[in-house]
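Listed below, chain by chain, are the residues.
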Amino acid sequence: MHKSIYPYVFLIEDLNLLGGTEIQTINVANGLNSIGVPAIILSLNKYEGDCKYVVSFDNVELNTYRQVFESTKNKLLINKMSDAYLRKVLLNKLHEMGCKVLVNQTYDLVSALPFDSDIKIIQVFHWSLEGYEKTLIDAAKKKSLGVRKLSMWINDRRAKCRRKYLLKCDGVVLLTQSASVEFERALPSFDTNRISLIPNPLPYSVNAAQHSTLQNKNICFVGRLSVEKGCMRLLRIWEKVAAQLSEHTLSVYGDGACRGEMEEYIKVHNLQRVRLCGFECDLQKIYSNSDLLVSVSDSEGFGLVFIEAFYYGVPAVSFDCPVSPREVISDAGVLTPCFDEYTYANAVVELLRNADKMKELQNKAIDRAKCFYSNRIASEWEKLFVSIEQ
């Protein structure tokens, strides 16, 4: 690879996870290259997918980093050893690529970025900053007493460290205006002139050839099966919905740590018409066979699934949670109070029983999706790169 080929590098810890952050990173890289802007993704973990704009750490580099990262001394030093190693390797790789601008997609890596160099650094937030830190605190609180105290101390030190390095960034990209308000509240000393709003893109720049008929009798959930995505809440809501809509099915697309707990709950409570479908990369298969997308997360930094569903004419129902659903969904779906499961279930039932309302929301969803077409969002990134290099 010639070092001048890729001046714009997107850094991510593991592109294979294929959550919203990973999918968005691929969409942006593909979109930029499609309009002639040379960008590449650097994944710490070896990438096993089919995106052609990806390079990875080699096995020696990755294994060394993991060994340093997992050491007790490194943890007590708040990752200073692993950060130093990663920073050195990163800087060598970035110079080989001819990198001018590094876009960090994994917030945990911000303290390892090569700030004292000629490379401009941008941090992207795909989530609620406050929600992310609360999730780490909640996880630490569930540990045994001795471990809990140590984890809380480490979390606190790491949060302060991350925020310190954030202040060094040449730019921060947020996905919505709501996220910008939260960010400015959480980090009031950050220069607001360095904040840019660029939403996530769809992987398309033309209208869908096929939209949902809205007659599939199928509700879909798409996302990681994790606590913060509200997976157990989803099943409790489905119990209430299924009791009123006897012909409908809930199809759950995705995988994650909560799958086993979900399977047990379905069995114990004898839930009917629930399909755990695993990961599915064919978006048309998911949404053209669905009538409604449901989202029950604790928080959403953007909610890529919303605009994916809209592209295929599928409206959404979501809690009005921080920071993005209200802004991203706009008038193409229904919002309910956090985290009222009864109100949410009734909203789903009422909507699916109202064919005229469903058709109205579908038309709005299709129009809403056009705001996020790949070529449009790639142009916004190109403008940011030009401005930050000046």
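Description of the structure in this document. Residue positions are counted from 1 within each chain, in the order its sequence is given. It should be noted that, the model being predicted, local features are given only for residues of pLDDT at least 70 and side-chain atom pairs only at 80 or more, the latter also being counted only at that level, while totals for whole chains, interfaces and linings use all residues. No hydrogens and no water enter the side-chain calculation; it runs on all heavy atoms of the structure.

1. Some points on the overall build of the chain
Along its length, the chain carries 15 helices and 13 strands. We compute the radius of gyration from the C-alpha atoms alone; for a globule the expected value is 2.2 Å times N to the 0.38, where N is the number of residues. Taking 21 Å as the expected radius of gyration for a compact globule of 390 residues, we find that the chain reaches 21 Å, a close match to that expectation. Overall size of the chain, expressed as C-alpha extent along the three principal axes, is 60 × 55 × 40 Å. The 390 residues of the chain split such that 54% are buried. To qualify as a helix, a DSSP run of H or I must reach at least 4 residues; to qualify as a strand, a run of E must reach at least 2; elements of each kind are numbered from the N terminus. Burial classification: accessible surface area is computed with a 1.4 Å probe over protein chains only, and a residue below 20% of its type maximum counts as buried, one above 50% as exposed, and the rest as partly exposed.

2. Things to note about the nonpolar core
Nine residue types can take part in a nonpolar core, namely buried Ala, Val, Leu, Ile, Met, Phe, Trp, Tyr and Cys, and a core is a set of them joined through side-chain atoms within 4.5 Å. In terms of nonpolar packing, the biggest core is built from 69 residues, with F183, W381 and F385 touching the most fellow members. The element that contributes the greatest number of residues to this core is helix α15 (residues 374-389), accounting for 6 residues. Note on contacts: a residue pair qualifies if any of its non-hydrogen atoms lie within 4.5 Å across the two residues. Apart from residues lying up to four places away in sequence, F183 is in contact with F125, L129, L166, V172, L174, F190 and I195. Counting residues in each nonpolar core, the second largest holds 36 residues, with I219, M262, V317 and F319 among its members.

3. Thoughts on the pattern of salt bridges
What makes a salt bridge here is a side-chain nitrogen of Lys or Arg within 4 Å of a carboxyl oxygen of Asp or Glu, nothing more. The tally for this structure, following the rule as stated, stands at 19 salt bridges. One salt bridge in this structure joins K93 and E61, with 3.3 Å as the shortest N-O distance. Remark: E61 occurs in helix α2 (residues 59-70) and K93 occurs in helix α4 (residues 80-97); sequence separation between them is 32 residues. Here K93 and E61 have matching classes, each one buried. With its nearest N and O atoms 3.5 Å apart, the salt bridge here joins K383 to E380. Placement of the pair is K383 and E380 together in helix α15, with a separation of 3 residues, close to one helical turn. With a relative accessible area of 32%, E380 lands in the partly exposed category. Salt bridges linked by common partners bring R236, K240 and E341 together as one network.

4. Details of a positive patch on the surface
Without a salt bridge and with relative accessible area above 30%, a residue can belong to a patch; like charges are then joined within 9 Å and nonpolar side chains (Val, Leu, Ile, Met, Phe, Trp, Tyr) within 5 Å. The Shrake-Rupley method, run with a 1.4 Å probe sphere, supplies the accessible areas, and residue values consider only the shown protein chains as cover. Counted as positive: Lys and Arg. Counted as negative: Asp and Glu, with His and the chain ends omitted from the count. Charge positions are represented by NZ for Lys, CZ for Arg, CG for Asp and CD for Glu. A contiguous patch of positive charge on the surface is contributed by K80, R157, K164 and K168. By the secondary structure assignment, K168 is in the loop between α6 (145-166) and β6 (171-174).

5. Considering helix α8 (residues 231-242)
The length a helix should cover is 1.5 Å for every residue beyond the first. Taking 1.5 Å per residue as the helical rise, α8 with its 12 residues ought to reach 16 Å, and the 16 Å between its terminal C-alpha atoms agrees with that figure. The buried fraction of α8 is high, at 9 of 12 residues. Considered for burial, the residues of α8 that qualify are C231, M232, R233, L234, L235, I237, W238, V241 and A242.

6. A few points about the packing of α8 against helix α13 (residues 341-352)
Running from amino to carboxyl end, α8 crosses α13 at an angle of 55 degrees, the nearest separation of the two axes being 9 Å. Between α8 and α13, the crossing angle belongs to the class labelled oblique. Crossing of α8 over α13 shows right-handed handedness. Between α8 and α13, the contacting residues are R233, R236, I237, K240 and V241 on the first element and E341, Y342, Y344, A345, V348 and V349 on the second. Whenever a helix is involved, its axis is fitted only over the stretch in contact; in every case the axis is a line through C-alpha atoms, and angles between N-to-C directions fall within 0 to 180 degrees. For classification, angles of less than 35 degrees are called roughly parallel, those exceeding 145 degrees roughly antiparallel, those between 65 and 115 degrees roughly perpendicular, and all remaining angles oblique. For a crossing to be left-handed, the near helix must be turned anticlockwise from the far one by less than a right angle; the clockwise case is right-handed.

7. Here we look at the side chain of N74
Considering the arrangement of structural elements, one finds N74 in helix α3 (residues 72-76). Not counting residues within four places of it along the chain, the set of residues in contact with N74 comprises V68, F69, N79, K80, M81 and S82.

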